Every structure is written in C-alpha cells, then in structure tokens.
Amino acid sequence: MNKSVKILNLLEKAKQYGNDFGALKFLLSHYTKENLLQKADCVLDGFEPKVAKYINIHTLAYDLCRAPLAQEKKNLLKYMDGLRFVQMSETYLNQVKSFAINFSNLDKDEKNHFAKHVRNAFLLSQDEELLELVKVNHPLILPMLSIPTKISSNLTKFSSKDFSQKVQQNNVIFDNFDNKEFLENLELESFEHIQHRLGLGLNKARLENAESYQSALNGLLAHYDLSNVVSLSLNENVLDSLVFERPNVKRGPLVSIIMSCFNSDKTVGYAIRSLLNQSYQDIEILVCDDNSDDRSLEIMKSLALTDRRVRVFSSRENQGTYNIRNALIPLCRGEFITFQDADDVAIPQRIERQVNDLEVSESLVTSCRWIRISPEGEVIFFPDGLINRFCVVSTMVKKEVFSILPKFRQSLVAADTEFHELCLFMLGAENVRVLDEPLILGLWGDGSLTKRPGLAAENTGCVAHRRRAYSDIAARQRVIGSHIVSDEEVDNVLRDQGIYREYHGVQCEGEAI
C-alpha cells in the first residue's frame, strides 16, 4: 500500500471516529458558549455526582475546551483516563483511535501515557484496527506494549514479536496458569504476590489428586479466615461437590437473597444449599425460575419443602435476571437485600461478613470479591495476574436504598454493573464499600452469559461490543445527565444491540404478581 493510499485511509478513519471523538467535548463547549453552563456539571434525576471520577470527567472536559493548543495532547490523554474510569467504553476506544490518527510528535511522557491507553483499549476490545492505526502513525508505541502471548497468538495481523519482549511476571502467569508443564515445574516460593502463590498452588495441586487440591483450597480459605472444605471431588463440577465444615451460627436482621435461574438444574441445587448453610442464618432466599425447560423449578420446589426460608417464584415468560430482580425486590422482607447467581457457591461466611460490614461502617452498599473456577477446579487468572475479582453480583444493599436508586435496567446482561456505578454516583464512595475477601466461588463454565459468543466478558479482558455499547450509553447518561440522555435513548441502544428484555412479572403459588 503506497503512502497516498494510507493517508486517504487514515482520513476516512478520522472522519469515521471524529464524530464520536469530541461528543462530550462538543456538548459541553456548546452549552458554555450558549451560557447555559458556567461550568460543566451533570444531573441524573436531580442528583449531582458524589464520587470523584464523575466530577473529574467534567473538570477534564471543561479544561479541554479551554486549554491552549500546546496543552491539548496532555489534556486529551487525561480526558481519556476520565472516560475509561467512568466506563464510557466505546467513546474511550474511539478517542484512542482518533488520537492515534490526529496527533504525532509525542514527548516521552505523552508517549508513555498514550501507550497505556493503547494497551487498555486493545485489551478491552481486542480490536486489531486500533493496532493498525498505531502502527502507521506511532510505530514506536507497539514495541512498548506488554501483551500476553495467549492474546497476541490469536491475532491475525500481528504476532508476539510486534510487542514488548520484556518478560512480565503477570503475562507469564496469565499465559501459563493452565499449562501442565509450567505448573508441574513451578516453584511457588518464587512468586511474591500471595494471590499468585495461592491460585497457582491450587492449579498445581489439581494435577495431583483431590486430596492435594483440598489441602491447597483450604490454604487459600485459611488466608482469609474462612471455613475449611471437609470433602470434595474433581469429577464433573468441583463446586457441586464442596462440603464445608459447619460454621458457628450468627443471628441478626433478616437478609433477603434474590436468585434467578434459567436451565440450571445441574447447579441451582448447590447454589441454594450454599446459602442455606451460611453462618448467618436469618435469611430468606427468593429464587425464580425463568421459564426453564429442564428440572430447575422441580429442584427449587424440593428445596423449599425442606427449608421454609426458600421462597419459589416463576416468570410468566422468559425475561432475564434483571427483570426478575425488579419483580422480587418489593416482595423482600429483609432489612438487607443481596443477590446470587444460580451456578455459584457462597462461602459460609459470605452473608455474615457483608452484614457486619454494613453495620460497622454504617455504609449503604457493600460487595465482596470472588474467584472464578472452572468445572474441573482450575482457578482462572486475568492479565493483571490476580484471581480475586470484584463480584458485582454480591452487592448487598440496605432495603431503603431501593427507594432512591432507579430499578435495574431491562437488559440481558451487565445491568448490575450499571447499578453499582449508580450507587457510586448517587450515594458517594463513602457509602459503597468492597470487601477485599473472596466470599464467592464463581463457576467459569461454558453455560454462562459471560462466555457466550457476542456477549462475552472474557478473562482476557475483552468485552463484547454489545456490552461496551450498553456501558457507553449508560455512562453517558450518568456523565451528561438524564435530561439529555434519556432512559428511552438508553433502552433503544439495548434494543439495537438485541439485549433489551421485556418485563413479564413473576408468579408464586399460581398468583400473578
């Protein structure tokens, strides 16, 4: 391809991404010129942002509108940080692409800052077009990028040789956490980070036998002062076989736990039992079958017969997890409300520790972390080398908060992520806490929506376009305001992406609700 053709292609790309490149900048600039805003702010149904990242994005955009031309690159790089932090995913990706096209002659600090953005945007999207734009305009950037071989080996136009050759421990771990030869020859003492040792130790033990695996798992649990496992099996799904030692019983205010279930007859039984066997016994479990065509509803009813804390519901038509949550929240009797997926295991201390955190801190929302585990017992690592991940499904909320916050979005996926961001936005970081303890073991199985083609949120860091589109428009609403980005506009994006779900209500004992 000759130089003139490349330039024409780049100009076309600039036109394509230019519209989105300045979307927020243009809006704020326009408002300021019209004297409608003296300084950038935003309102979501009367709420002003109460957390730094949402305040900062407006300050950054405001500064960007007024910065001298000489400061434009540095301000824009900071502005892209802000877009990423508020989860304006598609805008962020397009801003990085547009920067690659429109700016050159970066100084050392700008080059390092831009390289971080390229890596973050690429891991988020796995978009080779971004790498092509960078290679043409910034050929020295690609060799600065640390990309795991497990990711670069799947690229069609690039290889691991195009990226940094410097050995990064996180990349080594991510590339080899499921590599038998690597694990067999592993010296755990060579890893300083406790999560590296615990996770890799569990995967190494899995290659030996169930007894070694149980010992390694108990070592991980003991690190967080959690109940030991007294028996397990490595056949089929290890989570289904876990039996924990019985913890001391704790009492307190009633906690309502909402669980939705669709074709989960292989997992919903152990998921519910893990809640019934909590140290914190004052719970009710509202579990709803979403029109399954397997034995899920039968299993749920059977468990309800043995423990009156289980309340069984069913959807009138298939409608998705978040419509079910919206239907069941008003029916909760608890002082606190939380959630659990139908294929995960709650460690016995999960509810106790989250309730204690809310009571001691006097905050309004708390979540925990989880560890993702394959049916075969393999701990799943991510490019940052860590296994303790933020678990948004674990969100526990004081019931009165639901009178303040909007309902869950009627989406097939990711509405709990938007809900968490709304909690931060509307309640402030001081009222939204995350326990640094893995209190849930999450199944990393092929049946999960997080692994479904077109909807995936993979452990590579890649998030499917449909999820990114939802994240972007929801973030725009938080940042710019619902008086500008309406709920209807957000819902229309979900419809365009094929992830909007109609609400159908639920029924209990034959009565429509």
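Small disclaimer: the values here were computed from a predicted structure and weren't measured.

Rules of the game
- Residues numbered from 1 in each chain as written.
- Predicted model: local features only at pLDDT ≥ 70, side-chain atom pairs only at ≥ 80, totals over all residues.
- Heavy atoms only, no water.
- Helix = DSSP H or I, 4+ residues; strand = E, 2+ residues; numbered from the N terminus.
- Buried < 20%, exposed > 50% of the residue type's maximum accessible area, 1.4 Å probe, protein only.
- Contact = heavy atoms within 4.5 Å.
- Areas by Shrake-Rupley, 256 points an atom, 1.4 Å probe, with all protein chains shown as cover.
- Axes fitted to C-alpha atoms, helices over the stretch in contact; angles between N-to-C directions.
- Parallel < 35°, antiparallel > 145°, perpendicular 65-115°, else oblique.
- Left-handed = near helix turned anticlockwise from the far one by under 90°.
- Nonpolar A, V, L, I, M, F, W, Y, C, P; charged D, E, K, R; others polar.
- Core = buried A, V, L, I, M, F, W, Y, C linked by side-chain atoms within 4.5 Å.
- pLDDT = per-residue confidence, 0-100.
- Pairing = 2+ DSSP bridges.
- Phe/Tyr/Trp six-rings, centres within 6.5 Å; stacked < 30°, edge-to-face > 60°.
- Lys NZ or Arg CZ within 6 Å of the ring centre and 35° of its normal.
- Polar contact = N/O pair within 3.5 Å; in protein donor to acceptor, adjacent residues only side chain to side chain.
- Salt bridge = Lys/Arg side-chain N within 4 Å of Asp/Glu carboxyl O.

## Considerations on the overall build of the chain
Next up, step 1: Each helix and strand in the chain was counted, giving 20 helices and 12 strands.
Next up, step 2: For the chain, with 513 residues in total, the buried portion stands at 57%.
Next up, step 3: Summarising the internal contacts of the chain: among those between residues at least 6 apart in sequence, 71% fall at separations of at least 24.
Next up, step 4: Approximately 22900 Å² of the chain is accessible, and the part contributed by carbon and sulfur atoms is 48%.

## Let's talk about the packing of helix 4 (residues 72-85) against helix 5 (residues 89-102)
Next up, step 1: It is the contact of helix 4 with helix 5, at a shortest axis distance of 9 Å, that shows an interaxial angle of 160°. Between helix 4 and helix 5, the angle is such that the two are roughly antiparallel. Helix-helix and strand crossings are classified by hand; for helix 4 and helix 5 the assignment is left-handed. Between helix 4 and helix 5, the residues in contact are K73, L76, L77, Y79, M80, L83 and R84 and T91, Y92, Q95, V96 and F99, respectively.
Next up, step 2: Residues belonging to the contact of helix 4 with helix 5 are distributed by class as follows: 8 nonpolar, 2 polar and 2 charged.

## As for the environment of E359
Next up, step 1: As for its placement among the helices and strands, E359 is situated in helix 17 (residues 350-361).
Next up, step 2: Taking the C-alpha atoms as reference points, E359 and K398, separated by 39 residues in sequence, lie 10.0 Å from one another.
Next up, step 3: Look past the residues within four positions of E359 in its chain and what remains in contact with it is P253 and F336.

## Looking at the nonpolar core
Next up, step 1: Residues F114 and I272 are the most contacted members of the largest nonpolar core, which totals 147 residues.
Next up, step 2: With 8 residues, helix 18 (residues 415-427) is the largest single contributor of residues to this core.
Next up, step 3: Sequence-distant contacts of I272, that is, excluding residues within four places in its chain, are made with M259, I285, V287, M300, L303 and V310.
Next up, step 4: Core analysis: the second largest hydrophobic core is formed by 5 residues, A469, I473, V490 and V493 among them.

## Describing the confidence of the model for the chain
Detailed reading of the predicted coordinates is not advisable wherever pLDDT falls low.
Next up, step 1: Averaged over every residue, the pLDDT of the chain is 90; residues scoring 70 or more account for 89%.
Next up, step 2: Low pLDDT (under 50) marks residues 1-8, which in the prediction has 2 contacts with non-local residues, meaning those over four places away or in another chain.
Next up, step 3: Predicted confidence is poor over residues 26-42, with pLDDT under 50, and the contacts of this stretch with residues over four places away or in other chains come to 26 contacts.

## Observations concerning the packing of helix 4 against helix 6 (residues 108-125)
Next up, step 1: Interhelical geometry of helix 4 versus helix 6 gives an angle of 30° and a closest axis separation of 10 Å. Taken together, the axis directions place helix 4 and helix 6 in an arrangement best described as roughly parallel. Seen from above, helix 4 lies across helix 6 with left-handed handedness. Packed against helix 4, whose contacting residues are K73, K74, L77, K78, M80, D81 and R84, the element helix 6 presents E110, H113, F114, H117 and N120 at the interface.
Next up, step 2: Of the residues that constitute the contact of helix 4 with helix 6, the class distribution is 3 nonpolar, 3 polar and 6 charged.

## Details of the pairing of strand 9 (residues 389-398)
Next up, step 1: Within strand 9, 9 of the 10 residues are buried, which leaves the element mostly enclosed by the surrounding structure.
Next up, step 2: With 2 bridges joining them, strand 6 (residues 336-339) and strand 9 adopt antiparallel strand pairing. The partner of I337 across the bridge, within strand 9, is V397.
Next up, step 3: Pairing of strand 8 (residues 365-373) with strand 9 involves 5 bridges; the strand directions are antiparallel. When the sheet's bridge partners are listed, W370 is paired in strand 9 with R389.

## What to know about the packing of aromatic side chains
Next up, step 1: Scanning the entire structure with this criterion turns up 11 aromatic pairs.
Next up, step 2: Taken together, a centroid distance of 4.8 Å and an interplanar angle of 25° make the contact between F99 and F103 stacked.
Next up, step 3: Measuring from centroid to centroid gives 5.9 Å for Y322 and F408, while their planes differ by 25°, and the two rings are stacked. Remark: F408 occurs in the loop between strand 9 and helix 18 and Y322 occurs in helix 16 (residues 321-328); sequence separation between them is 86 residues. For the residue pair Y322 and F408, the accessibility class agrees, reading buried in each case.
Next up, step 4: The rings of Y322, F339, F402, F408 and F419 are connected pair by pair, giving a single aromatic cluster.
Next up, step 5: One cation-aromatic arrangement involves R325 over F339; the distance from NZ or CZ to the ring centre is 4.1 Å.

## Notes on the side chain of Q340
Next up, step 1: Turning to its location among the elements, Q340 is positioned in the loop between strand 6 and strand 7 (345-346).
Next up, step 2: At a separation of 3.0 Å, a polar atom in the side chain of Q340 contacts the side chain of R350.
Next up, step 3: Every residue in contact with Q340, bar those within four places of it in the chain, is listed here: I257, I258, M259, S260, A271, S274, L275, V345, A346, R350, V393 and I440.

## Remarks on helix 16
Next up, step 1: Buried residues dominate helix 16, accounting for 7 of its 8 residues.
Next up, step 2: When we look at burial in helix 16, the residues that qualify are Y322, N323, I324, R325, N326, A327 and L328.

## A word on the pattern of salt bridges
It is possible for side chains of opposite charge to pair when their charged atoms get near one another.
Next up, step 1: Counting across every chain of the model gives 25 salt bridges.
Next up, step 2: Across the salt bridge formed by R206 and E378, the nearest N and O atoms sit 3.2 Å from each other. Here the residue R206 occupies a position in helix 11 (residues 194-206), and E378 occupies one in the loop between strand 8 and strand 9, the gap between them amounting to 172 residues.
Next up, step 3: Judged by relative accessible area, which is 22%, R206 ranks as partly exposed.
Next up, step 4: When its relative accessible area of 14% is taken as the criterion, E378 is described as buried.
Next up, step 5: Across the pair R251 and D282 runs a salt bridge, and its minimum N-O distance is 2.8 Å. Of the two residues, R251 sits in the loop between strand 2 (243-244) and strand 3 (255-261) while D282 sits in the loop between helix 14 (268-276) and strand 4 (283-289), which places them 31 residues apart along the sequence.
Next up, step 6: D282 gets classed as buried once you look at its relative accessible area, which sits at 16%.
Next up, step 7: Through salt bridges with shared partners, a single ionic network connects K73, K74, D107 and E110.

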